[in-house]
Amino acid sequence: MNTTLQTNNLRFLRYSGYAAGASYRICNTKTFQSKLSFGLNAVSDFRSVSAKEMSLYTAPKGEYIDVITQDFMISEKKTNSPQGIGVVLDFDVDYHFNKKQTISVSIHDLNMTRLFDISRLNLDTNFRFTGIGYDLVRDTNSLNQYIDSNYLSVLDNARSPMNWVSLPSRIHIAWKYKINEKSTLIADIRAIDLGRYGISGTLGLSQKFSKKFELYSSLGYGNFTGLLWQESAEYRLNNFNLFATIQGLQSLFIPTLTHNYGMRFGFSRTLP
C-alpha cells in the first residue's frame, strides 16, 4: 500500500486463431530453394494493450487506486464470436554453401486482418478505481462498468472502431551444419514483429530417427521470453506431414523463471 508502480513502453497482444492455406515452390535447385505460402486466418480471443507510460498508485489503506496513463490503448470486444479474418503470406528461402552448410531465411505471418466488433480506447488521462478488481489482460468487457460514472463521457469520446490490424509477423534466420546423415546442428535468430515483441536466439540439434520421424531439441534465450527450451517432432506418412511443438519445458522445473510456454499441433499435405 501507499506505493507507486510505473512502466514504460508497455505492449501486450494475445490472440488465437485457425489458419488454412497452400504453398507454391518457386525455385528448387541443388543450391537454392524458395517457397511462397498463402492462407486465410480466422482470429478469436483478441486482446491488445499498450501504453507509452503508465503508473499505478495504491492508497495507504487500499481504499482506491489511481491510474495515470500516457498514450494508453486497450481493445474491447462486444461478442465472443469470431473476432476477425485475414490473409497471411509466408516466404521461405534456403541457400546451400556446400554439402554441410546451409543458411535459411523465413518470413512468416505477413498479414492484413479485418476485425469484427472490436473497439479501442485511446487515453491520456488518470482514473481512480474504488472497490473493484479489473484485469487488463483477461477482462475484455467494457471498461465502463469499472470506473466512476463521472468518467464515462471521457471513455465515450476516447472509443473508436478497431477495423484493421496487422498481427505480429515473424522473421527467422538459421545456420545449419550437417554433422552426419542423421544429425544437424542449428543456430538461429528469431524476431517477432521486427523485434517489437521480442528477439531470441537458440542452438539446437535435429535428429532423424528414420525416414518418417524427426526430432528437434533446442535451448536458447530471448529478451521477452527468458530461457527457452523447446522440443519439436515431425512424422511423415505418405503425402501427409504431422508436427507438434512444446515450448517452455523448463516450466516443469523452474516455473517462476518461465515467461513463455505453449503447444502447437498441425499437419500438411504434399500435392502431386
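That block above? That's the structure.
Since this is a predicted model, take the numbers as computed values, not measurements.

### Observations concerning the packing of aromatic side chains
Here the distance between the centres and the angle between the planes together describe a pair of aromatic rings.
In step 1: The final tally for this structure, using the stated rule, is 3 aromatic pairs.
In step 2: Consider the rings of Tyr 95 and Phe 97, whose centres lie 5.2 Å apart with planes at 90°: the pair is edge-to-face.
In step 3: Residue class for Tyr 95 comes out partly exposed when judged on its relative accessible area of 37%.
In step 4: Measuring from centroid to centroid gives 6.0 Å for Trp 175 and Tyr 177, while their planes differ by 25°, and the two rings are stacked.

### Quick word on the pattern of salt bridges
In step 1: Tallying each qualifying case throughout the model produces 8 salt bridges.
In step 2: The salt bridge involving Asp 188 is made with Arg 190; its shortest N-O contact spans 3.3 Å.
In step 3: Through salt bridges with shared partners, one network takes in Glu 214, Glu 234 and Arg 236.

### A few points about the environment of Ser 232
In step 1: In this fold, Ser 232 is placed in strand β15 (residues 226-237).
In step 2: With 14 residues separating them along the chain, Ser 232 and Ser 218 place their C-alpha atoms 8.8 Å apart.
In step 3: Not counting the four nearest positions on each side in its chain, Ser 232 is found in contact with Glu 214, Leu 215, Tyr 216, Ala 244 and Thr 245.
In step 4: At 3.3 Å, the side chain of Ser 232 and the side chain of Gln 230 are in polar contact.

Quick notes on the rules
Residues numbered from 1 in each chain as written. Predicted model: local features only at pLDDT ≥ 70, side-chain atom pairs only at ≥ 80, totals over all residues. Heavy atoms only, no water. Phe/Tyr/Trp six-rings, centres within 6.5 Å; stacked < 30°, edge-to-face > 60°. Buried < 20%, exposed > 50% of the residue type's maximum accessible area, 1.4 Å probe, protein only. Salt bridge = Lys/Arg side-chain N within 4 Å of Asp/Glu carboxyl O. Helix = DSSP H or I, 4+ residues; strand = E, 2+ residues; numbered from the N terminus. Contact = heavy atoms within 4.5 Å. Polar contact = N/O pair within 3.5 Å; in protein donor to acceptor, adjacent residues only side chain to side chain.

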